Amino acid sequence: MASNFKIFVHRNSENLHLKLMGDFDGSSAWELLNVLKKSATGTYKVIIHTSSLKNIYPFGRETFQENLRHWKVDPVRILFTGEKASQIAPEKSVCL
């Protein structure tokens, strides 16, 4: 994991907010996937905030996108927000 990568987790009502900070590499992608797997149960919407990301490394993005594609938790919706949303989100994802 990038030494400066952190995930801040906040849950309100039926939503889970994940604020990503630092550099996003392959290990960071796995950490994010594990947090999703552990924390998304019982939520309606997961909102991933990307504004505090610094560098997004291609291997991290590809690792996250490929593994998220195979992850099915219904009816959880994943939304990406912030200026780096389109850099990390898989195709056809909702970016705000």
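Refer to the structure above for everything that follows.
Here's what I pulled together on the structure shown here. (Residues numbered from 1 in each chain as written. Predicted model: local features only at pLDDT ≥ 70, side-chain atom pairs only at ≥ 80, totals over all residues. Heavy atoms only, no water.)

## Things to note about the nonpolar core
Residues L18, F24, V46, F64 and F80 are the most contacted members of the largest nonpolar core, which totals 25 residues. Sorting the residues of this core by element identifies β2 (15-24), α1 (26-39), β3 (45-56), α2 (58-69), β4 (77-81) and α3 (85-88) as the ones contributing at least two each. Residue contributions to this core peak at 5 residues, all from α1. Leave out the neighbours within four places in its chain, and L18 touches I7, F8, V9, L32, V35, L36, V46, I47, I48 and H49. (Core = buried A, V, L, I, M, F, W, Y, C linked by side-chain atoms within 4.5 Å. Buried < 20%, exposed > 50% of the residue type's maximum accessible area, 1.4 Å probe, protein only. Helix = DSSP H or I, 4+ residues; strand = E, 2+ residues; numbered from the N terminus. Contact = heavy atoms within 4.5 Å.)

## Comments concerning the packing of aromatic side chains
Under the counting rule described, the total for this entry stands at 3 aromatic pairs. Ring plane angle 85° and centroid distance 6.1 Å describe the contact between F24 and F64, whose orientation is recorded as edge-to-face. Of the two residues, F24 is situated in strand β2 and F64 in helix α2; the sequence distance between them amounts to 40 residues. On the basis of relative accessibility, which here comes to 0%, the residue F24 falls in the buried class. Classification of F64 as buried rests on a relative accessible area of 0%. On the numbers, 6.2 Å between centres and 80° between planes, the contact of F64 with F80 is edge-to-face. Note that F64 is positioned in helix α2 and F80 in strand β4, a separation of 16 residues in sequence. Here the aromatic residues F5, F24, F64 and F80 are joined through ring pairs into a cluster of three or more. (Phe/Tyr/Trp six-rings, centres within 6.5 Å; stacked < 30°, edge-to-face > 60°.)

Everything listed here is a matter of geometry and, on its own, says nothing about what the molecule does.
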